[in-house]
Amino acid sequence: MQNLQRTPRQPVDAGVKIQVEAEAMQKLWLWTDFARGEVSCLGLVDEVVSTDTGRTTALIVTDFFLVKQDCTSDETDMDVADVARLISELEAKGIDSRKLRCWAHSHATMSVFWSGQDESCISGLANAEWLLSLVVNKRRDTQMRLDQFHPSHMYIPDVVWEVKYPLVDGLAEACFDEFKAKVHEGTFMPRTRDVVSGRDRLWNELDHARERGALTMDDLDDELNWLGIERDDFEPY
Ligand SMILES: [Zn+2]
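Residues numbered from 1 in each chain as written. Predicted model: local features only at pLDDT ≥ 70, side-chain atom pairs only at ≥ 80, totals over all residues.

With that settled, the discussion passes to the overall build of the chain. Along its length, the chain carries six helices and 10 strands. Out of the 237 residues belonging to the chain, those deemed buried represent 20%. Within the chain, counting contacts between residues at least 6 apart in sequence, those at least 24 apart form 61% of the total. (Helix = DSSP H or I, 4+ residues; strand = E, 2+ residues; numbered from the N terminus. Buried ≥ 20, exposed ≤ 12 C-beta atoms within 10 Å, placed from the backbone. Contact = placed C-beta atoms within 7 Å.)

Bringing the sheet that holds strand β7 (residues 130–136) into the picture now. In any sheet, the strands associate via hydrogen bonds between backbone groups, in a parallel or an antiparallel arrangement. If you trace the eight strands from one edge of the open sheet to the other, you get β9-β8-β7-β6-β2-β3-β1-β10, paired in mixed fashion. With partners counted over all chains shown, the strands left at the sheet margins are β9 (154–156) and β10 (162–164), one partner each. On average, adjacent strands in this sheet sit at an angle of 30° to one another, irrespective of strand direction. On top of the sheet, helix α3 (residues 116–124) reaches β6 (100–106), β7 and β8 (142–148); it is set at about 150° to β7, its chief contact. (Pairing = 2+ DSSP bridges. Axes fitted to C-alpha atoms, helices over the stretch in contact; angles between N-to-C directions.)

So, about the pairing of β6. Taken across its seven residues, β6 has seven buried, putting it largely inside the fold. Direction of pairing for strand β2 (residues 39–49) relative to β6: antiparallel, over a ladder of six bridges. From the neighbouring strand, serine 40 faces β6, where its bridge partner is histidine 105. As defined by bridge partners, β6 adjoins β7 across five bridges and the pair is classed as parallel. Counterpart to tryptophan 103 in the pairing with β7 is serine 133. One crossover worth recording links β6 to the parallel β7 by way of α3, and it is right-handed. (Right-handed = clockwise from strand over helix to strand, strands pointing away.)

The biggest cluster of nonpolar side chains holds 25 residues, and the ones touching the most others in it are Leu28, Cys102, Ala104, Leu132 and Leu134. When residues of this core are traced back to their parent elements, those giving at least two are β1 (17–21), α1 (22–34), β2, β3 (56–65), β6, β7 and β8. The element that contributes the greatest number of residues to this core is β7, accounting for five residues. Residue contacts for alanine 104: discarding those within four places in its chain leaves Leu28, Cys41, Gly43, Phe64, Leu134 and Val136. (Core = buried A, V, L, I, M, F, W, Y, C linked by C-beta atoms within 7 Å.)

The next subject is helix α2 (residues 80–92). Taking 1.5 Å of rise per residue, the 13 residues of α2 would be expected to cover 18 Å, and the 18 Å separating its terminal C-alpha atoms lies within 8% of that figure. For α2, a buried count of zero out of 13 residues is recorded, marking the element as mostly open to its surroundings. Just downstream of α2 lies glycine 94, where phi reads positive at about 80°. (Expected span 1.5 Å × (residues − 1).)

A few words now on the environment of proline 11. By secondary structure assignment, the location of proline 11 is in the segment before β1. C-alpha separation for the pair proline 11 and methionine 144, spaced 133 residues apart in sequence, amounts to 8.7 Å. Setting aside residues up to four positions removed in sequence, proline 11 forms contacts with Asp158, Val159 and Val160.

Cis geometry marks the peptide bond from histidine 150 to proline 151, where omega comes out at 5°. As for its position among the elements, proline 151 is in the loop between β8 and β9. Phi is positive for alanine 108, which is not a glycine, with a value near 55°. On the secondary structure map, alanine 108 appears in the loop between β6 and α3. Within the chain, arginine 140 stands out as a residue other than glycine whose phi angle is a positive 75°. Assignment of secondary structure puts arginine 140 in the loop between β7 and β8.

Bringing the environment of aspartate 141 into the picture now. Tracing the chain through its elements places aspartate 141 in the loop between β7 and β8. C-beta crowding within 10 Å serves as the criterion here: with 15 such atoms nearby, aspartate 141 is assigned to the partly exposed category. Here the alpha-carbon distance between aspartate 141 and serine 106, two residues 35 residues apart in the chain, equals 9.7 Å. Those residues in contact with aspartate 141 that lie beyond four places of it in its chain are Ser111, Val112 and Val136.

On to the pairing of β1, then. Summarising burial for β1: four of the five residues are buried, a large majority. Across four bridges, β1 lies against β3 in parallel orientation. Within the sheet, the bridge partner assigned to isoleucine 18 lies in β3 and is leucine 59. Both β1 and β10 contribute to a ladder of three bridges, which runs parallel. Within β10, the position partnered with glutamate 21 by the bridge is lysine 164.

So, in structure tokens, the structure goes:
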């Protein structure tokens, strides 16, 4: 049997959740597929700040915008005047253009990495705070990067990120019920970070279901009991 695995990368957890909304990602994939070579776009990023701690908990790319650009098989050059047009159109709609903090581009059929040109593009987009950059290719490889410009320029070239899927009413509950009915898990569950964060996520979904009125407090306690989770183990975000 062939081993088709490529060299695994090890993206770094930046300590903040980084997500791209599914529809925005779909736009990027469409432009990537339409382009014969490279193509660039700019993304709006929502910064989610915890009201309790004042700390940023998530950076969510909510939309991508295409601007006029000149592209070849290995270059993409956005038209500065058209970027200015995008900024004034966003401002006219009441959208803070400082939220344009993601630069995404495709390497077409080439692998994903940060080239010298990419470095200068990122330096050109530098602001006083931070910037996300996403490089993709037609094979659906992706690499997300987080640059910080203050107090000095530092970056993580390969950060953990995920697609944010829209919330489908009732889906989490239905999947949970089906899982509970069909999957028997033995007692192993090492308390690794992944397991804990997976359970954190599950807890959040159950808690949201409760907030929406889909689960009573008793139902929630039943589910948690069944999972062997103490409610006190979890701190809401
Ligand atoms: Zn590039």
